[in-house]
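# Coordinates in review
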Amino acid sequence: MSDPDRRIWLDGELVPWGEATVHILSHSMARGSLVFDYMSVHDTERGQALFRVDDHVDRFLTSCELVGLPLRYDRPTLISACVEAARNNPGARVVKLNAFLPSVEVDVVPVDDHVAVAAAAYDPWQDVSARKATPPPRAAKTVRLWLEKETRQRRPDIMHPHAKVAANYASPMVAKWRARQRGYDEVLLVDEQGMLAEGPTTNFFLVDGEGTLRTPAEQSVLLGVTRRSIIELAQAQGRKVVEERIAPDALWVASEAFLTGTSAGVWPIASIDDRPIGGECPGPVGAALGSRFREVTAGEVPEFAHWLTYVAEVG
């Protein structure tokens with residue numbers, strides 16, 4: 001498959017996809033210091049729109065601060081870069097914003113502290129994953145999970161889970177790989193105390209017997225923008241939402257459970273370790289929230305219109 005006909009915003013210039021490269025010995029390649037964020041692009045009656053781009057950029061800035069990258073771009077410039085990237089790449093489904101140290105370095109601390117920024121707008125299932133024919137998560141109606149048992153490395157004293165940095169994905173990659181080798185779709189990670197945390201690129205929710213929506217506390221998970229959106233949509237529907245530490249035993253008495261994420265949307269969990277979760281799947285709460293979320297991202301809900309930034313309407 002040839003390189004897609006797309007351009008990437010790189011330090012203020014639009015460059016062809018195949019020319020947006022970095023040296024194999026660059027600091028971010030060797031040390032995992034690349035910070036990124038990943039936001040969705042949706043079709044609406046008013047044209048394409050970025051979903052909560054300001055929140056994604058705020059999280060991106062927080063990640064850079066946690067990692068210590070001396071970023072030289074301000075918030076408005078980064079938002080503009082994401083919009084410009086989407087505008088110049090029609091049909092894009094996502095925008096990935098990256099901050100990285102491109103210089104070739106020997107030491108852990110780089111001598112050249114220039115942080116490059118790239119905003120890539122593309123269709124991950126046509127421009128990238130089509131090379132391996134990998135379907136998007138949302139193409140699967142439900143997900144079979146494996147509960148992590150062998151690694152508990154998501155420690156805030158090593159790297160804060162709020163930092164969306166490449167190095168934070170090494171341990172989840174190993175855990176998910178093991179789950180895939182066992183025949184499961186995904187892995188549900190635990191924190192250093194063995195409490196439920198999140199998926200490698202998703203957040204986790206369950207509904208208890210009283211109908212309360214529960215999700216792991218903020219300190220042990222990445223603060224997903226979709227996670228936050230589902231919490232706000234549930235509260236707008238009058239549903240009680242609790243953020244707390246959740247023991248694995250809560251899984252077996254939950255009435256339903258689901259994952260959320262930029263690519264996954266609302267992804268119902270059919271089973272964990274081959275044990276069914278609740279009754280029907282998808283459950284009524286997850287199904288209702290998923291439907292509402294799709295309406296919001298399609299620009300059909302006026303009270304949440306501020307979550308959308310229309311690409312063609314931003315100069």
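Our structure's up above, just so we're on the same page.
Read on for an overview of the structure. This structure is a prediction, so every number in the text was calculated from the model and none was measured.

### Re the pattern of salt bridges
Counted according to the given criterion, the structure contains 17 salt bridges. Between arginine 228 and aspartate 55 there is a salt bridge, and its shortest N-O distance comes to 3.1 Å. In this pair, arginine 228 sits in helix 6 (residues 225-236) while aspartate 55 sits in helix 2 (residues 53-67), placing the two residues 173 residues apart along the sequence. Since its relative accessible area comes to 41%, arginine 228 is described here as partly exposed. The partner of arginine 227 in a salt bridge is glutamate 243, and the shortest N-O contact between them spans 2.7 Å.

### Observations concerning the environment of arginine 72
Positionally, arginine 72 belongs in the loop between helix 2 and helix 3 (75-87). Residue arginine 72 is classed as exposed on the basis of its relative accessible area of 52%. The spacing of arginine 72 and histidine 114 is 42 residues in sequence and 8.5 Å in space, taken between C-alpha atoms. Contact partners of arginine 72, with chain neighbours within four places excluded, come to Asp113, His114 and Val115.

### Brief notes about the packing of aromatic side chains
The relative placement of two aromatic rings is captured by the distance of their centres and the angle of their planes. In this structure the tally under the stated criterion is eight aromatic pairs. Ring plane angle 70 degrees and centroid distance 5.8 Å describe the contact between tryptophan 9 and tyrosine 73, whose orientation is recorded as edge-to-face. Note that tryptophan 9 is positioned in strand 1 (residues 7-10) and tyrosine 73 in the loop between helix 2 and helix 3, a separation of 64 residues in sequence. With relative accessibility at 21%, the residue tyrosine 73 sits in the partly exposed group. Aromatic side chains phenylalanine 205 and phenylalanine 258 sit 5.3 Å apart centroid to centroid with 20 degrees between the ring planes, which places their arrangement in the stacked category. One end of the pair, phenylalanine 205, is in strand 9 (residues 203-207); the other, phenylalanine 258, is in strand 12 (residues 256-261), with 53 residues separating them in the sequence. Phenylalanine 258 shares its class with phenylalanine 205; the two are buried. Through a chain of ring-to-ring contacts, the aromatic side chains of Phe51, Phe293, Phe304 and Trp307 assemble into a single cluster. Arginine 46 extends its terminal NZ or CZ atom over the ring of tyrosine 310, reaching a point 3.9 Å from the ring centre. One Lys or Arg, lysine 96, reaches over the ring of phenylalanine 36 and ends 4.8 Å from the middle of that ring.

### Re the pairing of strand 7 (residues 143-147)
Each regular strand shows side chains that alternate between the opposite faces of the sheet. With four of five residues buried, strand 7 lies mostly within the body of the structure. Bridge count for strand 7 against strand 13 (residues 265-272) is three bridges, and the pairing is parallel. Directly across from leucine 145, in strand 13, lies its bridge partner isoleucine 272. Two elements, strand 7 and strand 8 (residues 186-188), share three bridges in a ladder whose sense is parallel. Paired with tryptophan 146 across the bridge in strand 8 is valine 187.

### Points about the sheet that holds strand 1
With respect to topology, seven strands assemble into an open sheet ordered 2-1-6-5-3-4-15, the strand pairing being antiparallel. One side of each edge strand has no neighbouring strand; the edge strands of this open sheet are strand 2 (13-16) and strand 15 (308-310). Between one strand and the next, the sheet's axes are offset by a mean angle of 30 degrees, whatever the strand orientation. As paired strands, strand 5 (residues 94-100) and strand 6 (residues 116-122) are joined by seven bridges and run antiparallel to one another. Paired with valine 95 across the bridge in strand 6 is alanine 121. Sheet strands in contact with helix 3 are strand 1, strand 2, strand 3 (35-44), strand 4 (47-51), strand 5, strand 6 and strand 15, and its direction is about 35 degrees off that of strand 6. In the packing of helix 7 (residues 284-297) onto the sheet, contacts are made with strand 3, strand 4 and strand 15, and the angle to strand 4 comes to roughly 120 degrees.

Basis of the calculations
- Residues numbered from 1 in each chain as written.
- Predicted model: local features only at pLDDT ≥ 70, side-chain atom pairs only at ≥ 80, totals over all residues.
- Heavy atoms only, no water.
- Salt bridge = Lys/Arg side-chain N within 4 Å of Asp/Glu carboxyl O.
- Helix = DSSP H or I, 4+ residues; strand = E, 2+ residues; numbered from the N terminus.
- Buried < 20%, exposed > 50% of the residue type's maximum accessible area, 1.4 Å probe, protein only.
- Contact = heavy atoms within 4.5 Å.
- Phe/Tyr/Trp six-rings, centres within 6.5 Å; stacked < 30°, edge-to-face > 60°.
- Lys NZ or Arg CZ within 6 Å of the ring centre and 35° of its normal.
- Pairing = 2+ DSSP bridges.
- Axes fitted to C-alpha atoms, helices over the stretch in contact; angles between N-to-C directions.

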